Structure formats: C-alpha cells, structure tokens
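Commentary on secondary and tertiary structure
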2 protein chains.
Amino acid sequence: MDETGKTEPANPAPLSPEALDQLHAYWRAANYLSIGQIYLLDNPLLREPLKLEHVKPRLLGHWGTAPGLNLVYAHLNRLIRARDLNVIYITGPGHGAPGIVANTYLEGSYSELYPSVTQDEEGMKALFRQFSFPGGIPSHTAPETPGSIHEGGELGYSLSHAFGAAFDNPDLIVACVVGDGEAETGPAATAWHSNKFLNPVTDGAVLPILHLNGYKIANPTVLARISRDELRKLFQGYGYEPYFVEGEDPLVVHQTMAAVLSRAIDDIQGIQARARSGERTQRPRWPMIVLRTPKGWTCPKEVDGLRLEGTWRSHQVPFAELATKPDHVRLLEQWMKSYRPEELFDEQGRLRPELARLAPEGERRMGANPHANGGLLLQDLRLPDYTRYRLEVPQPGAVSGEATRTLGNFLRDVMACNLERRNFRVMGPDETASNRLGALLEVTDRAWDAERYDDDDHLSPAGRVMEILSEHTCQGWLEGYLLTGRHGFFSCYEAFIHIVDSMFNQHAKWLKVSQEIPWRRPVASLNILLTSHVWRQDHNGFSHQDPGFIDHVVNKKASIVRVYLPPDANSLLYVADQCLRSRNKVNVIVAGKQPSPQWLSMDAAIRHCRAGIGIWEWASNDQGVEPDVVMACAGDVPTLETLAAVRLLNEHEPDLKVRVINVVDLMTLQPREEHPVGLSDKDFDTLFTTDKPIIFAFHGYPWLIHRLAYRRRNHHNLHVRGYKEEGTTTTPFDMAVLNDIDRFHLVMDVVDRVPGLMHRAAYLKQHMRDRLTEHRQYIIRTGQDLPEIRDWRWTSADG
Amino acid sequence: MDETGKTEPANPAPLSPEALDQLHAYWRAANYLSIGQIYLLDNPLLREPLKLEHVKPRLLGHWGTAPGLNLVYAHLNRLIRARDLNVIYITGPGHGAPGIVANTYLEGSYSELYPSVTQDEEGMKALFRQFSFPGGIPSHTAPETPGSIHEGGELGYSLSHAFGAAFDNPDLIVACVVGDGEAETGPAATAWHSNKFLNPVTDGAVLPILHLNGYKIANPTVLARISRDELRKLFQGYGYEPYFVEGEDPLVVHQTMAAVLSRAIDDIQGIQARARSGERTQRPRWPMIVLRTPKGWTCPKEVDGLRLEGTWRSHQVPFAELATKPDHVRLLEQWMKSYRPEELFDEQGRLRPELARLAPEGERRMGANPHANGGLLLQDLRLPDYTRYRLEVPQPGAVSGEATRTLGNFLRDVMACNLERRNFRVMGPDETASNRLGALLEVTDRAWDAERYDDDDHLSPAGRVMEILSEHTCQGWLEGYLLTGRHGFFSCYEAFIHIVDSMFNQHAKWLKVSQEIPWRRPVASLNILLTSHVWRQDHNGFSHQDPGFIDHVVNKKASIVRVYLPPDANSLLYVADQCLRSRNKVNVIVAGKQPSPQWLSMDAAIRHCRAGIGIWEWASNDQGVEPDVVMACAGDVPTLETLAAVRLLNEHEPDLKVRVINVVDLMTLQPREEHPVGLSDKDFDTLFTTDKPIIFAFHGYPWLIHRLAYRRRNHHNLHVRGYKEEGTTTTPFDMAVLNDIDRFHLVMDVVDRVPGLMHRAAYLKQHMRDRLTEHRQYIIRTGQDLPEIRDWRWTSADG
C-alpha cells in the first residue's frame, strides 16, 4: 500500500462463479435462519402459506447487524477451510445473536451441544421458537452461544477481549467485529491501541473488522459520518493497515470481501513469519477491515412508505404489528422467500450437502473451537509453595512488613514456574511497581511493542506484565485471557477499580450463567487485588479514596463472588494462593502496600484464613469467660487501630474482658443460607456472643457490615466504624481520625456501650479526646503523625 | 497546511527578545513556586542557606507535568491579554496542581479567594506549607483550586468536561491539557470525537493540548512511542488540525509555542467568523496542539547517577530522602536557585511588577474566570407548570400511561422555555427516543455536526439533545455543562449507568467538597433518569438487568445524593420538577417507560411525593385499626405487584387488615440523623408499626432496604423482595416470578408471616403455587403472559 491510500489487493474477484454462487447461498441460508429466529414459531421452511399463528406474539431481537455478521462468518469459513486456519469469532454487536446462532447451527456445532435442536425441519422449528422465548435462549450472544466468549449486550469490550484471547496463542486468529455503535464507546476507542502490546512471535493475531452499517438505535454513527480520508487516517494513526470493503450489491461485496480477507490473512501470516524468523525490527502494521454495508441489508427496502434497509429502522425487528397489519405477514413471507429456502434446505430441512461442506470441520468450526470454551484447555498453574515467601513473625506485631511486596515475591515465582507454559499474565494500569509487585520484573518484562529507548526499564514485546493506563483495557484483556483458558492477576488502585464496575458485572453474569451450562467448562477465576487503598491514599486525597467496590461486588451471585481482607503479609500469601487455584469466581483481595505490623506467623495465618474469621486469642483477655465487649476488625488499617484500642483498654481498664475477632473472608458474615462460606448462626453467636456490644472496625463503608449481618441474633448490638466519605491529603493516622475509626474513637465507642464502665466513662472519654486534640495540633504543626502513633507497636502482655 | 504535514506557522519566532525574556521569567516563577509547594515548609525565597528543617517531612505532589502546565498557562496569559480572550483552563493532569496553584497565586486570584495567602514572603511561605499538608490543600487540582472545574485525580474526563463547558458559551475558549497518560484511558480516547457535536455558531471552542511528556508512573506512554506520522494521522482522523510544539530548550520552545498558539487562536476565530457569518458548510477542522517536552523539564538531569529529567523518575517528587542524604538538600537548593528567584520576586517577596503585568486582569485571569465557578453565572431554569402535563387519573388504576413519555412532554416545554437562554441540554447514549423522551425533538434537534443525509431524523449542529454511544462522554459533557453554570438531564438504561459509576463518584466528591468552600457557588444538580430498567429488560436479557446503581449512589454523602422511585407518571412529573430546581445534588430517578397503570391524580401525587413516603389509604383496609400486615413497595413494577397481591389477599382473606405504603424518596427510610430527608423514628414506627410483619417489594437489590432501615425498631419484621440476580430473555411477569417479587410470591410471604392465617395458610399457598404453575406452562407454550395478568387492573372496592 502506498500513501495515497490504495489498499485494494491485486485480484479484485478471486471467487470463481461457482464458489461465489455457493458462498452466496450459504450466506442466504444464515440470513434466512436469522430472520426465522426473530419472527417464526412454526412453518420454518414456509412450506405452507405464512399465517399469523406461525409468527411469535412478542417480536424480539436485532436484525440490523446480522447480515454483516453472517457475511464475515461465511467468508471466514471459506478461509479456515482453504488454509486450515484456527479462528475464533468475537462479535461486538452481540445483539446480532440470531446470526451467530444461525451459523453455528448450519455448521453443526449447535446441534452437537444442544441435541434437541436437530439439523432438520423439526430442529429448525425448535431453533426458531427458542430464540428470545421463555425457556429458550437470550436475544444476545451469551454463554449459551457456541463459540462465544463475549456477551455483547453491553458494548465496548470486544476488542480488548479479542486481544486477551490472542495473547500466548500463537496459532490463533481472533476475528473481531466491532460495531460502529460500539466504536463510539471509550473502552473500544482505546482498545485499538492494544496492537502495541501484542508480540507477533508468541502471540496470535487479532483481525478487527469495523462494521460500518451506519446507524445505532435512533442515530447515525459517528464513524459512518466522517470522510473516508479521516477514517483511514484514524486507523493508520492507531497503527493499522485499513482495508475497505464497501457496497450494497452482495455479489460485488462477496468478491471484495474474499479478496480483502485473503489479503489480511496474508499480511498476518507474513508479519508472523518475519517476526518468527527473527527478521522483524519494528512494530508491524497489522491489517484491519472496514466493512461498510447497509444496516439491515437485504431486508425490504421500504415498509409503510418509510425507508427500511439502510436506515436505523432496521436496527432491531425491521417491521412488526403483524397482528394488526395483514400486509406485514405477506411482506414477511415475501422477504423470507427472497432467500429461496428451497434451494438451501432439502426435503428434511437439512442444509444441502454442497453447502454444508463449505463449513470447516470438527474443532476448526468457529462454534466448536475449544479456545472459545477455555475451560477445555485450562491447565492448572504450577504454584510454588507459598509458605516459602512468608515473613517470620516471632510474636504478633513484632515485625513490620509490606504485604504486597511479599506477594510480589510469590507472584514472581508463579510467573517463573509458568513461563514455559505461557499461561499466566499480570495486569495493572501502570501500577505494578507502585503496588509493590515489582519483583515480577526480575523474571519477565512489561509487554511493549511500541518504540523503545535504550534506558527503558523492562520493556519488551515478550513481557508478561501488561500495563496500560486504562483499567478497561486491563480488565478486558484479562477477561479474554481467562475465558480462553489461562490464568491471571489484576492489581489496581482501590478507588479506580470502579472504572470497571460495569465490566465486572458482565463478567460475573457470564460466570453465573456459565455455571448452569453443562458444556461450559470452568475457567480460572478473575483475581483482583485492590491495593493503594482508601486508608493509605493520604497523599493523593479525596478523589483516590473509595472502598465501595466491595459493596458493588457483593450484589452479584454468592456462588461467584469472594471478598478477602487479609490483615497482613502471610495471610495475603495464603489468600492469593487460594485464589489462583480457584475456578469460576471473581476474587477481590484488599491489601495495603505500606509497611505495617505483621500479626500472624505462617501457620497462624493458614489456620486463621482457612476459617476465614476467628478470635485472636493473643489479643484477647476473655479467656474462659464471656467477654464484656467484642472488638471485630476487617482490613489491615482497621486491624491495627483495633489492636491499638485494645491496648489502650487493657491499660486503662485491665478488668475489662475484650475479645478480638478478625475477619479475612467477608462473606463469612452472611448467613450460611445466603452464601456458601457464611457462618452458621450457631458459630456466629459463639464468636460474637448473643448479647455483648460489638465494635466493628471495617475497611469499607460501615453499612456493608450491617447489610451482611442484619439477620444475626446480636445484630442490634453491632456498632460499625468504617469509611464515611471523609478525607483529604493528610497524614495516615488523620485519615482514620477523620472517619472515627482510629484507636481513640474506638475506645470511646467501647466506653459508650459497655455499661459496667459508667463511673470511669467520663474520665476515659476525656482522655481520648485529649489525645485527639494533641494529634491534631501536632500534625498541623509538623505535617506528620505523632511519633508514638507512627512507632506504635503491639507488645505481647508479657513482653 | 498540506498533506506533507507541514504545520508550522509563518513566523517561527514571534516573540521579541524582551517579550521572550519576560515570558520566560514568568514561567520560571511558576516553576519555582511549584517546587516550593512540593518541598518547602520555610525559607521560601532561599534567603538563608537551605536546611533540612526548611523541608517538609512528607514529600508529596507531582512535579513531572507542572513545567508543561506552567508553560501553557503563561502563553495563554499572553494571548488573553493581547486579544482580550475569554479562556478557562482545564488540566487533565490534575496532579500538576502545584503549577495551577502557582499561576493563580502569581496572577493574584489565589490571594483574593484565600486572603491569608498573601502576595509576599509570608504568603509564599503559607502557600508552600499548605500544599498537601494537614489542614491545607489537596495534592491535585480540586474544588479548592481557583479556576478549576476538574479534579484530575481520576484520569479520563478533561476533554469531555472541556466540551461541556464550551457548549453554549460562544465567546469562551476552553484550553484543555490532556496528559499522555490520560490519553490512554477509554473515556479520553472517545472524547476526541466531541468535535462532531460542537456548533461553531453558538458554542465556544475547545483547544486540546496533548501534553506528550513521555511517561506515566513507571512506564512510557503509548502516544509518546508511536511515530510522528501516526500521531498526526490519529488526530487528523479524529478530525483535528494538529500543530506540533516540541523541544527541550525553553527559549526555542517559547517561540514555537507562541507562534503555534497564535495560529490556533487564529484558526478558531476564523472558523467561528465564517460559521457565524453563515459561510460555513461543513464541519471545521478545529486546531489541537501536540506539546512534546521532557517529563519534569528543568529539574536536575541526573540524581544519584540515574537520569531524572525526561524520565518517569521525575513524575512525582523527583528526589527525596533529604533527611538521609545531605547532598539532596544542596541539590534542591541549587535546583530552585537555578530559576533565579531574586530576579523574579522583590524584597517583600512579591512578583516584580514588570512580570506581574504579564497576567490578565480581573475576570480575564483564568483563576478568576466566572465560568469556572459556574454558580456565579447560574440562572434558574424557566419551568412550565408541570401539572399541565398530568395524566387524568379519575380512580387509582383506572388508566394506563407511559411515565417517561409524559415526562418527555414536560421536558419538551422546559427545553422550549429556555431555548432563548440556551442553558439546558438533555444527554443520552442514543436512547432519548427509546426512553420515550422523543417529544423533545418537536422543539429541538439532536446535536450533530458530522455528515448529514437528506432523510436524517432531527440532526443539526444546533440541536440540544446530545446523543453519542458513550455514557462516559454524555456524563462528562453534562458535568462540564453544569459546573459552568447551566442545567441538564441525563437519561440512561439502568444497567449501563454503571459505566459511569466512577465518574459519579468523582462528581459527588466534587460537590461535597464544594459545599464546604465559601466562594464556590451552588450549581444545578446532576439529574439522572434511569429507565429501561431491570424489570422491563425482559427482551434484552440478563446483561441488561442491574439495579445496583442506587446501592452505589447511597454510599456518597447524604447531603448530596437523592434517589426517587416515582410509581407513576404524575409522581414522575413532580419529582422531575423538583430535581430541575435543586442545587448541588445528584438526583437519581428510576422510572419505567412501558405502559403501566396510573395510581395517583396530580394532587394525590403532589401530596404523596412531597412526603416522599406514605400510606395509600385507597389500597389499604386497615382504616381505624392496627393492620395485620404492612405491604410496602418502591418502584413501578413492585408497586403493581404489591397492589395485585393486596387484591388477592382482599379476595381470599377479606378480614385481613392490610396497610399499603409506597416509597418515592428512598432516603426517607434512613434515620433522620443519617440523612436530611430521613423519617424520624416516631414517624417510621407510625407508618410501619412496631410489631407487624412488613413485606417490602423493592425495585433493586433487597438488602439495600435493610442497609437503610436496620436501625428501625420493627426491622426484625421486615422481609424484602427485590432483584436477586435472576433473569433472562423472558416475559415481563416472568421476570418478577424469577425473583420471587410477583403477586403470588408476595401473597405467600404474607401467609408465612401473619400468624392469624394458620388454618388457611396451606390452602392459600397451594393456590398461589398453582397460579405460578399455570403461568409457567402458559408462557412456555405461548411466549406471552397470561391475559389475566397482562390485563390485570386495580378496581376500587366499590367499582
């Protein structure tokens, strides 16, 4: 190609008349089946005149994008067969599910997974009926859809999913249709830059196909309404070689598409061959295709005097009101017959053999490609013994350590153990080092295929730490990587994980539905480490302080979500190991990166984390008796403040019996009937008593604890402190003070709630208030926390 | 400019030697003050040798981006003065706050708003000390920062904010620095397309400045590591005319920047003049600037043998450890002295007059521009009498109506009443018509400045309905529009509003802090309508079903957030009117778009909504006595199912006394101490009783009601039904059934909890189970809900 933008390949009409005819017939069959799914309950082959009772009473589904998706499918089939390619197909316009279902039905993969939907007239009837029908299948591509790893209901993530699938699959080509509606979303707009993170030597290829069909629900699309020159420059600017396939006449478009697709595959194979022979020196310009065809292509040009084909009116169900407009029934029949079903399907309703043989075979069929059911390919990670990375903790609180740095050592060796298998990656929006996981760079680099300078720090195309300043892209890559059967770990600033709230929703929903589909095999869990958390964003301030992702997560199905708040490094090691071994979950781990006191030896951490919740006997003085108060905590900073409060109480009220409970697995607080790891009521009552005050210091918003524990017997005695949306750039301890979760407030809370202290209460509270005043005066003067707070250490009662 | 990419303007050195000298001095002053804020507690002018005790003990803040931000500020000042421009400055790299604070201090706007920070040595000391210091100001641009409408802590939104500010401000130029880190985010990557929605006739201009300083926290940036050719094409593809300013020698860069900035302003003024004289026929190519300067520009080249300037190491605090490395104190002193402060500030520590006069005056100063404190400019909306749009409801349940269509009529006239003032816009991600707000198009168009075809539907550059398939962009535009003193309304599919969870967080935080800053004047509320909600996404399926945004919202400060669930059209009218009048809030309204029974006449709706919660006497039969059960509901579908359940109970158990409570304002459920609209405990107990079972049918996740009401006396009798993450493509009523919130399940819940029914319980429950079986069989057969369910109507007891 030269700078004038001439991109058409040499032979503009590579299909023989016979090949063209067959390809076109295959496409007509897919289109026919797409319409049938949207409209028909019965009479699938129109062997009798179409009547209203053959039509669904509720018409649901999207036609507009289906012909384009079907065109791409048919042409990919052709090249898969011709060149024995290994291809999966991601369709951003997931609303076009009728097309994908139709194609997997035509190629036979659908009936293999759903034997009741046979490849004959009865099966076709079942296929039509079940679509968007109670007890049937959803209206979008979904876990139920063979060959899909992408829902497509919420737009924006097809391209990042595609790249995630391509990483470490050197032979795989991921064809990815990006709708021009989807292309307006932010996540899609930046995902194009994923080409700077793809290694042509060891990764597969993504072939993006921008489907410009011009309209969204009610508007034209932006990219369909800029000049061809701007469009070309945009994608050249993104680093691609754009090829254009444009037209309205199917027979012409087939020829162009065949030529362009061949050329694109040539480009991909050329790039890979050069890179793999060691020839390549700079980032390749990967091909992409701009496919401009009419919205709702091949539907009636006009209905009721309004243009239909090529307008937004054909976006969903092109025309309805069949009950009230008998004309519309005839129109539907004419439209469906325009595909000449009798030429496509035989007497039994089977696709004619000369067409059926156009589909690839076995696992080469895109609906049967094992990469799209990643659990089939999943191998366990090789995991080093996590206890090897432990911090030695001779006494609780005796040493200080950085939890995530310790984790980084473990992750480094997880990475090292699996380098050969190439099935583990770590994602982070430019925060891996900041989050103290930098040890990973001892064994791998950061993935980077853009320009490099001599003094760059651990950048290489082969890197397995993926960093781009886009939480969306990190999350999308990881989802694609996991759903194709690999493992990963995502670390993120706690406040900014909300950027992917919605992506988390969709992934959790995908997993929930997948669990109910027998042929979907379990995949590795999505592991999210939230660090640089709310309590230690004292330097960044209010915008960086938000612990609400946990609240968001626990709204999803109990079978899917887990939330862990390990209080120190050794407990983080245990939790991380568990998460990396788990399947079909979203595991959220909250752990700080700053130096903090360490509480548990490795053995103690294992015991504690295995239970998920427990009494810390060494910090309690209620041995053998009922406590006067329960001090509970979850999260590293709340644990520290709780223990400091306990020591203050020991000092001032040595007779007060305090029980300390630490919660690692937040879901233990829920009743067992609500969550599989929930404590039984009996166990809960044993821990928290049935009538003593509970002062609970929690990492997140305090009401979350109430939401989890409101059914517990002693709930009315539960008093929770947590983040209450107060913060700014200030000292670490002041952050706790601003939210009343510091040691002094906790002591005051105890005083307020333990009746036996009455005569001492006023004195103790005044003392705590004095300490808070002293704190405030000191930080205003010096900008630092009081030395006795900074340097506070838990010492065992006898030490 | 021609295709070869030559973009340099004619005079490459427009600054006279004297002008250059002064501009450079001004820039040095801003740089000096930026460093001082990061490092110094005392000795601000270095009049005595720098010692460790002059340095802050905790070094916080970002230097890396500050010199670039300062350069742009100084050059904008120059052109504002020279051409009397009206400019506000948005800095995506909000971490560069030291630079913005320095410049507003230099121009005097800072001291006007914060009189204790005087323009002399004492004031400079205060300025330095307060930065990132307890009791001082945050480390990022924030509401505290004069001239800012943008936090900049969470990256991605500068450009959409900038366009939002420019809409309907024809004389305003919004200079917007986009960091090259931020440029990797999705929201930023698509916000570039905002130029297709800007009307050069009646909107102002945005001048984007991509600041390529090459590095993020620990990585290079993508856009700094692609070729100049790709970079140019990318922005040409986005529709801009890119100008490049690149260099390391400040004196050279000053000349280029001066020339390019003049040229860009020429372009803007030329485009506007042509458009406003009626000449223009096609979308203009607005200018943008690529500013490539070294990260941490002018800091030491190397520290401790490692390169500093021009690398990621200068991103935050360039070098620290001053307490342990005495060299570093000397290094800091040398570095600061390299700006020659004695030439910049006089004996009193004031900026020398020949430099001070380089700043614009009065409201032309970017720190004092009233557009950046939008409440100053805010005019009340002209609101038509909302009761004119009421549906006539002669009896509860007597008529059917579409709530959002009714709202659409009201919004149409709100739009019409304010067309002249041009201070109201409606945003939606391609969903305005789908959400039944299409009446708006009777009085305005959809904003669209890309290509138009003859048969396009209501597209024009002057349109005031803003639709792009990017929730991020819609939200960002609206935030920018509101913060500059205008009004707006955002309608969105309920499930996909989670896409902007994080943006909502940041806006709510901005409002919370703004309330505490005396000079920040109240702005119009952010009004979000969630429609196409969870219960009527039966056609789209599981991916479109998520009512969790409310959960997310209520984590923010009670003084900011409001959540309304109007049960019908008239109550929606009342609520919308209230929201449009409110200030400094985020109002979330959940309302369906499907035809539904109408319950309240306009008068009844006003009374009910004014209280926010109340007994529906007409649906209750507990007049004069204590009820046996309270049936509460919030949301349109739960209200319908509750009323249908009440009728079933009336029919089968006529003696059972049922009280029906409907909740419009969700925050009434919280205790008054927690939320300003919360009910007192006494009022709550009067409504909900202290000992009777409460069956609560809720729109969202059920536990949210527990989280709000757990402190209430009768909480242990509260049983909540809501969405429990079950759904697929099925019928509307089946969606309720899948989540146990349908009328039959609600009756069974009553049976389970009212002790007096014991002898009838088994019969009634079996009857309900039979009805559910019948339902299931019918939908599987027909795809539709039973006619008696579809057509169910509430009839008054005597009707």
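For the structure itself, consult the block above.
Residues numbered from 1 in each chain as written. Chains lettered and ligands numbered in written order. Predicted model: local features only at pLDDT ≥ 70, side-chain atom pairs only at ≥ 80, totals over all residues. Heavy atoms only, no water.

Let us now look at the relation of the copies chain B and chain A. Superposition record for chain B on chain A: RMSD 0.0 Å, screw rotation 180 degrees, translation along axis 0.0 Å. Taken together, the rotation angle and the small translation identify this as a two-fold axis. Looking at the rotation axis and the C-alpha trace of chain B, the residue lying nearest is Gly186(B), at 1.9 Å. Counting the interface residues of chain B, we find that 100% of their copies in chain A are interface residues as well, pointing to one common contact surface. (Least-squares fit on C-alpha atoms with pLDDT ≥ 70 in both. Contact = heavy atoms within 4.5 Å.)

Now for the environment of Asp249(B). All names here are of chain B. Position of Asp 249 among the secondary structure elements: in the loop between strand S4 (240-246) and helix H9 (250-276). Taking the C-alpha atoms as reference points, Asp 249 and His 315, separated by 66 residues in sequence, lie 19 Å from one another. There is a polar contact of 2.9 Å between the side chain of Asp 249 and the backbone nitrogen of Leu 251. (Helix = DSSP H or I, 4+ residues; strand = E, 2+ residues; numbered from the N terminus. Polar contact = N/O pair within 3.5 Å; in protein donor to acceptor, adjacent residues only side chain to side chain.)

Turning to the pattern of salt bridges, a few remarks are in order. As enumerated under the stated definition, the model contains 108 salt bridges over all chains in all. Across the pair Glu309(A) and Lys301(A) runs a salt bridge whose closest N-O atoms are separated by 2.5 Å. Assessed through its relative accessible area of 9%, Glu309(A) is described here as buried. For Lys301(A), a relative accessible area of 57% puts it in the exposed group. In this structure, the salt-bridge partner of Arg711(B) is Glu674(B), at a minimum N-O distance of 3.3 Å. Note that Arg711(B) is positioned in the loop between helix H21 (703-709) and strand S22 (718-721) and Glu674(B) in the loop between strand S20 (658-663) and helix H20 (681-688), a separation of 37 residues in sequence. For Arg711(B), a relative accessible area of 48% translates into the label partly exposed. Sharing partners across several salt bridges, the network here consists of Asp168(A), Asp203(A), Arg422(A), Arg425(A) and Arg464(A). (Salt bridge = Lys/Arg side-chain N within 4 Å of Asp/Glu carboxyl O. Buried < 20%, exposed > 50% of the residue type's maximum accessible area, 1.4 Å probe, protein only.)

This part takes up empty space enclosed by the protein. According to the stated counting rule, one finds 17 cavities of 30 Å³ or more in the structure shown. Considering only enclosed or pocket space, the largest cavity measures out at about 140 Å³ in volume. In terms of lining residues, the largest cavity is bounded by 15 residues, among which Glu151(B), His161(B), Glu479(B), Gln506(B) and His507(B) are the most central. Those elements that place two or more of their residues in the lining of the largest cavity are helix H14 (471-483) and helix H15 (501-515) of chain B. Residue contributions to the lining of the largest cavity reach at least three from each of two domains, namely domain 1 (17-372) and domain 2 (386-596) of chain B. Its boundaries defined by the atoms lining it, the second largest cavity holds a volume of some 120 Å³. Lining the second largest cavity are 13 residues, with Glu151(A), His161(A), Glu479(A), Gln506(A) and His507(A) positioned closest to its centre. Residue assignment for the lining of the second largest cavity shows that the elements contributing at least two residues are helix H14 (471-483) and helix H15 (501-515) of chain A. Counting residues per element, the lining of the second largest cavity draws most heavily on H15(A), at 4 residues. Taken together, the residues that form the lining of the second largest cavity break down as 5 nonpolar, 5 polar and 3 charged. There are two domains that each give the lining of the second largest cavity at least three residues, and those are domain 1 (17-372) and domain 2 (386-596) of chain A. (1 Å grid on protein atoms, 1.4 Å probe; cavity = no way out; pocket = protein on both sides within 12 Å on 5 of 7 lines; lining within 4 Å. Points joined across faces, edges and corners; volume = space filled by probe spheres on them. Domains from an automatic or database assignment. Nonpolar A, V, L, I, M, F, W, Y, C, P; charged D, E, K, R; others polar.)

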